[in-house]
Amino acid sequence: MIIGNYIVAVFLIVLGLYAVANQRNMIKIVLGMGIVDYGVNLLIVSVGYRPGGTAPLFVANELLQGNFFVDPVPQALTLTSIVIGACVDAMALSLVIKIYNKYHTIDSTEVRRLNG
């Protein structure tokens, strides 16, 4: 099952990079950036997963030699990445709105052509 997570994560990253590199519509480019972010988040969480692991919450007398805990660091990094990704997407979409208001197009090749 964990191999499936890696395959889906790589697929999402490649799909997002394809959208960023080959699309002319700026909204689709921003969506591609979001898809890359989701793929990286899935990859980070999959790396920190332990089969049979429990939450890293314990009392001193519950800590035994054979206990397996899931690593909380990838989860914390992913939570931070989700917040940062949402802010980056919001900022990029606001820039697309500003570009549309100024140039009346969201085609990236047209905006490049207008700037000379």
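All values derive from a computational prediction rather than experimental measurement.

Novice: Where do I start with the overall build of the chain in this structure?
Specialist: Looking only at helices and strands, one finds 4 helices and 0 strands in the chain. Within the chain, residue pairs in contact and separated by at least 24 positions form 55% of the contacts whose partners lie at least 6 positions apart. When the accessible area of the chain is evaluated, it comes to approximately 8300 Å², of which 71% is carbon and sulfur surface.

Novice: Even after reading the chapter, I still don't get helix 3 (residues 72-103), so can you show me in this structure?
Specialist: Since the α-helix advances by 3.6 residues per turn, residues separated by three or four positions end up pointing in the same direction. The first and last C-alpha atoms of helix 3 sit 46 Å apart over 32 residues, in line with the 46 Å expected at 1.5 Å per residue. Residues of helix 3 that are buried: Pro74, Thr78, Ser81, Gly85, Asp89, Ala92 and Val96. Buried positions along helix 3 lie against helix 2 (26-47). Phi turns positive, to about 60 degrees, at His104, one or two residues after helix 3.

Novice: Just to check I follow, could you spell out the packing of helix 1 (residues 2-22) against helix 2 for this structure?
Specialist: In helix packing, the relevant descriptors are the interaxial angle and the interaxial distance, both defined with respect to the helix axes. The interhelical angle for the contact between helix 1 and helix 2, taken along N-to-C directions, is 160 degrees, at an axis separation of 7 Å. Accordingly, the angle class assigned to the pair helix 1 and helix 2 is roughly antiparallel. Crossing angle aside, the handedness with which helix 1 passes helix 2 is left-handed. For the contact of helix 1 with helix 2, the residue count by class is 19 nonpolar, 5 polar and 1 charged.

Novice: Explanation requested: helix 2 in the structure shown.
Specialist: With 22 residues, helix 2 should cover 32 Å at 1.5 Å per step; its first-to-last C-alpha distance of 32 Å lies within 8% of that length. If you check which residues of helix 2 are buried, you get Met26, Ile29, Val30, Gly32, Gly34, Val36, Asp37, Gly39, Asn41 and Ser46. Where helix 2 starts, the residue carrying a side-chain oxygen 3.1 Å from the main-chain nitrogen of Ile27 turns out to be Asn25.

Novice: How should the nonpolar core be read in this particular structure?
Specialist: One broad rule of soluble globular proteins: the nonpolar side chains tend to lie buried together. Met26, Val30, Ala92, Val96 and Val111 together form the largest nonpolar core, which totals 5 residues. Elements represented by at least two residues in this core include exactly helix 2 and helix 3.

Thresholds applied
- Residues numbered from 1 in each chain as written.
- Predicted model: local features only at pLDDT ≥ 70, side-chain atom pairs only at ≥ 80, totals over all residues.
- Heavy atoms only, no water.
- Helix = DSSP H or I, 4+ residues; strand = E, 2+ residues; numbered from the N terminus.
- Contact = heavy atoms within 4.5 Å.
- Areas by Shrake-Rupley, 256 points an atom, 1.4 Å probe, with all protein chains shown as cover.
- Expected span 1.5 Å × (residues − 1).
- Buried < 20%, exposed > 50% of the residue type's maximum accessible area, 1.4 Å probe, protein only.
- Axes fitted to C-alpha atoms, helices over the stretch in contact; angles between N-to-C directions.
- Parallel < 35°, antiparallel > 145°, perpendicular 65-115°, else oblique.
- Left-handed = near helix turned anticlockwise from the far one by under 90°.
- Nonpolar A, V, L, I, M, F, W, Y, C, P; charged D, E, K, R; others polar.
- Polar contact = N/O pair within 3.5 Å; in protein donor to acceptor, adjacent residues only side chain to side chain.
- Core = buried A, V, L, I, M, F, W, Y, C linked by side-chain atoms within 4.5 Å.

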